[in-house]
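# Examination of the molecular architecture
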Amino acid sequence: MSKLSKEELANIATLARLGLSEDELNRLGGQVGSILEFVEQLQKIDASGVKQTSQVTGLVDVWREDEVVRCELSREELLKNAPATEKGYIKVKRVLQ
Amino acid sequence: MSDLSYLSIDQAHDLLVQKKITAVELTQYHLERIRQLDEVLELTLEICESSALAQAEKVDAKIAAGEAIGLLEGIPYTAKDMFLTAGIKTTAASKILEKFEPPFSATVIKKLDQAGAILIAKVNHDEFAHGTTTENSAYRVTRNPWDTNRAPGGSSGGSAAAVAADVGIFSIGTDTGGSIRQPAAFCGVTGLKPTYGLVSRYGVVAMASSLDTIGPVTRSAQDAAIVLAAIAGRDVADSTTIQIDDYDFVKGNDSLAGKTVGVIKQYIDGLDDDNRQVFDAAVARMKEAGAKVREIDMPNISYSLPCYYIVVPSEISSNLSRYDGIRFGYSDETATDLQQTYLRSRGKGFGPEAKRRIMTGTYALSAGYYDAYYKKAMQVRTLIIEDFRRALDEVDFLVGPTSPTPAVKLGENAEDPVAMYLLDIMTVAINLAGVPSVSVPAGFVDNLPVGMQIIGRQGDDGDVLRAARAFQQVTDWHAKRPQL
């Protein structure tokens, strides 16, 4: 399971929207492979029927009062870090060809 | 003027109240420390000189007007660059946030601000807190003040090195798998990973959300208690914050007499002779202070590192998906469509370790592998939690070394991610279980500091800190200073 082909790696990179160079793909193959090999120790444990833990607080359904909370920041302040804006909106590149 | 070096929070507070020093003088002293040491230790990512001095002047005006001041008022501190600071650049030590100036501050920063503490600098760490040596920072290689050829630990390496070098009286860090405790151990200072959910994470750059915690790096357990009291508490902006019974971390009975302390067998079995001897000597001091010590077997703890390295990259791959080159952060200008914007911005913006973790996590969560990796890890996590529950039913505290070795040499694990991960082998289980743990200085191996963790039950952060204070009353390792 831990040996990753270059095609598999390229597919994962696409799923993660991560543009990688040829050189990076080659290096990552070995490194991700060694990480996966390391974590595969877990397969030795029989954990069938054990419940899964996804969080440890025990909190369930945390609500706040259903009321309007005004944002203290202006539109300009909120958009200040956006790479491209137009007329107070965030601008994106073409989605479809 | 009084000697301003290596002051505790209580000492600095007394000097301010007695008007022997001013907050401006104290702030100037720490800014001067940055000027003296930053080139050698490579600590800071951003220095906040003008805002710090302006805040200090306000504190001085209050004192001059005869008003009472709180314990943290006028106390200079540094923060890991994972905490959003309004109007002050916040990079997460990543190129993808190189120019990011947040419009708001993290709850923790706001609380410290309200308490009157003075932020003097944002300090270095591993990019997005991914690492154990701070070498994964996209900007600088921070040095260990005890030996500048060695790493300060990580990921909160800048925080621990700064506190050890008397740059700021305390620092604020994040701990997902040891990132406060392990650098604290490597730099000979005190580092607290609180109970999961005790401190709000609103406005803190997310790493692995089911594990991330925020805590102080200090020169004593007493200082850690003072800082924790200022930052703990429920936050409507972070729905994972919890309510506990006792928020009084500063007062209480500091005695170890009659307490039972369990030494985690699996951790001491992982030590070589030199490290074992030093650790045993530290435990002997607890016995002398009246603690009853026994060994505790926690068989599933051996699986905590592989479990952690499934949960963590999985959650990272999900959390880092927000860096899309569209709303904030680096955006590649050569892209001609949306898909290219994603691929190129993320491909150029993230460093090698972030990429490794995104790839590993995306793989572990992908169709066909989810059950074998993520689901299995969540089940093993339950087994590890049960080990802690059983152990902490039998004893008041658990102890173990913070790291199998003292600080490693810079460059030692550069191309081997798994070797780098192994530096966290004794800290990650505590995050998986969500319990509090404080690392305290516990001796020296080859003239380098090592740490011991004191671990308690969920929500018993006050007891853990009281035990650490009791330990520091009978030891003086926390008072040792590096030669700089």
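One can find the structure itself at the top, above this paragraph.
Structural notes, computed from the coordinates.

About the thresholds
- Here the residue index of a chain counts from 1 through its sequence in written order.
- Written order decides the labels, with chains lettered from A and ligands numbered from 1.
- For a predicted model such as this one, the threshold for reporting local features is a pLDDT of at least 70, and the threshold for listing and counting side-chain atom pairs is 80 or more; totals across whole chains, interfaces and linings nevertheless cover every residue.
- Under the definition applied here, buried Ala, Val, Leu, Ile, Met, Phe, Trp, Tyr and Cys residues are grouped into a nonpolar core through C-beta atoms within 7 Å.
- Three exposure classes are used. Buried residues have 20 or more other C-beta atoms within 10 Å of their own C-beta, exposed residues have 12 or fewer, and partly exposed residues fall in between, all C-beta atoms being placed from the backbone.
- What counts as a contact is two residues whose backbone-derived C-beta atoms lie within 7 Å of each other.
- A pair of strands is considered paired only if DSSP assigns at least 2 bridges between the two.
- Each helix is a run of H or I in the DSSP string that is no shorter than four residues. Each strand is a run of E no shorter than two, and both are numbered from the N terminus.
- All axes here are fitted lines through C-alpha atoms, helices being fitted over the stretch that makes contact, and every angle between N-to-C directions spans 0 to 180 degrees.
- The labels follow the angle: roughly parallel below 35 degrees, roughly antiparallel above 145, roughly perpendicular from 65 to 115, and oblique for the rest.
- What makes a crossing left-handed is the near helix being turned counterclockwise from the far one by less than a right angle; a clockwise turn instead makes it right-handed.
- Amino acids are sorted into nonpolar (Ala, Val, Leu, Ile, Met, Phe, Trp, Tyr, Cys and Pro), charged (Asp, Glu, Lys and Arg) and polar (every other residue, Gly among them).
- By definition here, a helix of n residues has an expected span of 1.5 Å times n minus one.

Core analysis: the largest hydrophobic core is formed by 172 residues, its most contacted members being Tyr77 and Ile454 of chain B. When residues no more than four places from it in sequence are discounted, the contact partners of Ile454 of chain B are Phe397, Val399, Ser437, Val438, Val440, Val464, Ala467 and Ala468 of chain B.

What follows covers the sheet that holds strand E11 (residues 448-455) of chain B. Residue and element names in this part refer to chain B. In spatial order, the strands read E1-E3-E2-E4-E6-E5-E10-E11-E9-E7-E8; together these 11 strands make up an open sheet with mixed pairing. Pairing within the sheet leaves two strands with one partner each, and these edge strands are strand E1 (44-47) and strand E8 (292-296). Across the sheet, the mean angle from the axis of one strand to that of its neighbour is 30 degrees, orientation sign disregarded. Relative to strand E6 (residues 213-218), strand E4 (residues 170-175) runs antiparallel, the two sharing five bridges.

Before going further, it helps to spend a moment on the packing of helix H10 (residues 304-319) of chain B against helix H13 (residues 371-394) of chain B. Residues and elements named next belong to chain B. Following both chains from N to C, one finds H10 and H13 inclined at 130 degrees, their axes separated by 9 Å at the closest point. With respect to their mutual orientation, H10 and H13 come out oblique. At the point where H10 passes H13, the crossing takes the left-handed sense. Residues Ser304, Cys307, Ile310, Val311 and Ser314 of H10 form the contact with H13, whose participating residues are Tyr373, Tyr374, Ala377, Val380, Arg381 and Ile384. A breakdown of the residues in the contact of H10 with H13 according to their chemical character gives eight nonpolar, two polar and one charged.

Further remarks concern helix H11 (residues 338-349) of chain B. An ideal rise of 1.5 Å per residue puts 16 Å on 12 residues; H11 of chain B measures up with 16 Å between its terminal C-alpha atoms. If you check which residues of H11 of chain B are buried, you get Thr341, Tyr342, Leu343, Arg344, Ser345, Arg346 and Gly349 of chain B.

Contact geometry of helix H2 (residues 22-39) of chain A with H10 of chain B gives a least axis separation of 8 Å together with a crossing angle of 130 degrees. As judged from the angle between their axes, H2 of chain A and H10 of chain B are oblique. Along the contact surface, H2 of chain A presents Ile35, Phe38 and Val39 of chain A, while H10 of chain B presents Pro306, Tyr309 and Ile310 of chain B. Classifying every residue of the contact of H2 of chain A with H10 of chain B gives six nonpolar, no polar and no charged.

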